[in-house]
Amino acid sequence: MIIYLSEMEVSYTQIGTLYAIRKLVAFFLEIPTGILADLLGRKLSLAVSFFAYIIAFISIYYSTNFYLLITAFSIFGLAETLRSGSHKAIIVSYLEKQGWMSLKTDYFANTRAWAQFGSAISSLIAGFLVLFSGEFKSIFLYSVIPYIINFFNLLSYPKYLDEGGKKKKKKAQINFIKQLWLVLKQKQLIKVITNATILSSFLGASKDFIQPMMATFALTLPFLGFIDDDKQKVGLVVGVLYFGIYMMTSRAAVISKSVKKKIPHQERFITYTLIIGLLLGVFAGVLYEANLTLIAIFIFTLVYITDSLRKPILTSYIADDSPTEMLTTVLSVDSFVLTVSTALLSFTFGVLCDYLSIGNALIILGICLVSFYFIVRLFFGKK
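Residues numbered from 1 in each chain as written. Predicted model: local features only at pLDDT ≥ 70, side-chain atom pairs only at ≥ 80, totals over all residues. Heavy atoms only, no water.

Counted by the stated rule, this structure contains 17 aromatic pairs. Between the aromatic rings of Tyr12 and Phe209, the centroid separation amounts to 5.9 Å while the plane-to-plane angle is 55 degrees, which identifies the pairing as tilted. Linking Tyr12 in helix H2 (residues 12–40) with Phe209 in the loop between helix H10 (187–206) and helix H11 (211–218), this pair joins segments that are 197 residues apart in sequence. Consider the rings of Tyr53 and Tyr147, whose centres lie 4.9 Å apart with planes at 35 degrees: the pair is tilted. With Tyr53 in helix H3 (residues 42–62) and Tyr147 in helix H8 (residues 144–155), this pair connects stretches of sequence that are 94 residues apart. (Phe/Tyr/Trp six-rings, centres within 6.5 Å; stacked < 30°, edge-to-face > 60°. Helix = DSSP H or I, 4+ residues; strand = E, 2+ residues; numbered from the N terminus.)

For the rest of this paragraph, the subject is the pattern of salt bridges. Side chains that differ in sign of charge can pair as their charged atoms come close. One pass over the full model with this rule turns up two salt bridges. Of the charged contacts, one joins Lys23 and Glu80 as a salt bridge, the two residues approaching to 3.7 Å between their closest N and O atoms. One end of the pair, Lys23, is in helix H2; the other, Glu80, is in helix H4 (residues 66–83), with 57 residues separating them in the sequence. (Salt bridge = Lys/Arg side-chain N within 4 Å of Asp/Glu carboxyl O.)

A word on the environment of Ser93. Tracing the backbone through its elements, the reader meets Ser93 in helix H5 (residues 86–98). Here the alpha-carbon distance between Ser93 and Tyr160, two residues 67 residues apart in the chain, equals 8.2 Å.

This brings us to helix H13 (residues 266–289). Compared with the 34 Å implied by 1.5 Å per residue over 24 residues, the 35 Å span of H13 between its first and last C-alpha is a close match. Just downstream of H13, Asn291 is the residue with a positive phi angle, here 65 degrees. (Expected span 1.5 Å × (residues − 1).)

Let's shift gears to H11. For H11, the tally of buried residues reaches seven of eight residues, placing the bulk of the element in the interior. For H11, the complete set of buried residues consists of Gln211, Pro212, Met213, Met214, Ala215, Phe217 and Ala218. (Buried < 20%, exposed > 50% of the residue type's maximum accessible area, 1.4 Å probe, protein only.)

Another point: the packing of H3 against H4. Remark: H3 packs on H4, axes separated minimally by 8 Å, with the N-to-C direction vectors making an angle of 160 degrees. Relative to H4, H3 is oriented roughly antiparallel. Crossing hand, H3 versus H4: left-handed. Residues Ser45, Leu46, Val48, Ser49, Ala52, Tyr53, Ile55, Ala56, Phe57, Ser59 and Ile60 of H3 touch H4, and the partners they reach there are Ala72, Phe73, Ile75, Phe76, Ala79, Glu80, Leu82 and Arg83. Partitioning the contact of H3 with H4 into residue classes produces 14 nonpolar, three polar and two charged. (Axes fitted to C-alpha atoms, helices over the stretch in contact; angles between N-to-C directions. Parallel < 35°, antiparallel > 145°, perpendicular 65-115°, else oblique. Left-handed = near helix turned anticlockwise from the far one by under 90°. Contact = heavy atoms within 4.5 Å. Nonpolar A, V, L, I, M, F, W, Y, C, P; charged D, E, K, R; others polar.)

The quantities given are spatial measurements derived from coordinates; they are silent on function.
See the structure below:
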């Protein structure tokens, strides 16, 4: 995405703005769409989400200027907020129906592992598409195909997974809001949601900006001399690198199942991995500034892996403190906080990249977030 936008002569600040707009659209719609998914039906929410993704990809493909890209990214944000929480809540409903709630972490881990594996294959295919087509924009058009397949696959889901409020009375809906408020007043839940969003927002804001790192690395490889077009070189190498990254994050998601069983204190694990992930991002920035590009990419990959290792455990942990019938809304609140922080960090990161560099942006943002975490921890510790 970043390489394609840069090719369109979109600045890093504008790219950060586009990512922020995508998140801000989700910001304004996150909680309402989460509630609607619970009350009106999760399948419908996901179906509309897939359709919005399709429109967004087609819009990006045909966009010729920054203002058209704003529209495309806004639609992308709508798709994300319709999707957030609903698919996880469907899994929980299925597990509850089968009497397998004790396997929540295993299912979330396997789901994420397969999602990351799919991303790995998609990245590899995208790399070869660029190699043979000679353009990055074709990727967005081909991305429509799996969403069409997923749309029809969703229609085959059992009806009981589409729990909604069509049969609920107004009183039940009022109780629903009251239950939401009661859940959100739980100190432990808010603490976990806050902890969960810091690293994910850092990764969400910075992960696509490592693509120029990959492009720089691709152009230094002598054994790709048989490829004359630099764009084809970059497309192939970036695709292969992302394939490796997603294969490792897929494995990390699988490992998280056994990790959860072995760690005595989940909260401590979540906190330590948060700090480690941020410091790895800082270290990657230092290495990139030292022109150690390949090592910098590898270190940043460890941020991906750390986040992937955390997420199934975090999702399960949040689910343990939330009533099943309103899990979509609780997860949407988690996404709501993540959305706001990612939007702010995306814009900030883009500006820092324009005025400083990608490496320095990673260093500054990582150090600021580590400092912010310890300041907040010290404040609540005193309380």
